[in-house]
Amino acid sequence: METLNLFSGFFDAIRKDPCVSTTHISIYMALVFYAKDQPAATPIHVFGQQIIDICKISSRSTYYRCMHDLHAFGYLQYTPVFKRNKPSQVLLLAK
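Report follows, based on the coordinates.

Cut-offs applied
Residues numbered from 1 in each chain as written. Predicted model: local features only at pLDDT ≥ 70, side-chain atom pairs only at ≥ 80, totals over all residues. Heavy atoms only, no water. Helix = DSSP H or I, 4+ residues; strand = E, 2+ residues; numbered from the N terminus. Rg over C-alpha atoms; globule rule 2.2 N^0.38 Å. Buried < 20%, exposed > 50% of the residue type's maximum accessible area, 1.4 Å probe, protein only. Contact = heavy atoms within 4.5 Å. Areas by Shrake-Rupley, 256 points an atom, 1.4 Å probe, with all protein chains shown as cover. Polar contact = N/O pair within 3.5 Å; in protein donor to acceptor, adjacent residues only side chain to side chain. Pairing = 2+ DSSP bridges. Axes fitted to C-alpha atoms, helices over the stretch in contact; angles between N-to-C directions.

Observations regarding the overall build of the protein
When helices and strands are tallied, the protein shows four helices and three strands. Scanning the protein from its N terminus toward the C terminus, one meets helices and strands in the order α-α-β-α-α-β-β. On C-alpha atoms alone, the protein measures out to a radius of gyration of 12 Å, which is about the 12 Å that the 2.2 N^0.38 rule sets for 95 residues. Considered along the principal axes of its C-alpha atoms, the protein spans approximately 35 × 30 × 20 Å. In the protein, buried positions account for 35% of the 95 residues. A separation threshold of at least 6 residues defines the contact pool for the protein, and within that pool the share at least 24 residues apart is 54%. Element-wise, carbon and sulfur atoms account for 55% of the exposed surface of the protein, whose accessible area totals about 5,600 Å².

Below you can see the structure in the form of structure tokens.
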């Protein structure tokens, strides 16, 4: 995955977006870190707890709210799965 393109596109886009907070940035960076060895344009399969641990968020509700925000803002495509034994799908988008 082109990590530099994802970082560059994301930071260019958030400069103009007042809705993005430090928590959103932390989650996006954790997802990029988690996906760095995945092929480009392939959804990654993640468990929320893995990303929560990487970005040091203390609340699951904050994680889910920010994931839904990032999806709504167009920074990623998020397909949640609410079963403990199945991972959610995330496709990182470079703006």
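Now that the structure is up, let's keep going.
As for the environment of serine 59
Along the chain, serine 59 falls in the loop between helix H3 (48–55) and helix H4 (60–73). Here serine 61 takes part through its side chain, which lies 2.8 Å from a polar atom of the side chain of serine 59.

Re the sheet that holds strand E2 (residues 76–79)
Read from one edge to the other, the open sheet built from three strands follows the order E1-E3-E2, with strand pairing classed as antiparallel. Strands with a single pairing partner mark the edges of an open sheet, and in this sheet they are strand E1 (44–46) and E2. Between one strand and the next, the sheet's axes are offset by a mean angle of 25 degrees, whatever the strand orientation. Note: E1 against strand E3 (residues 88–92), three bridges, orientation antiparallel.

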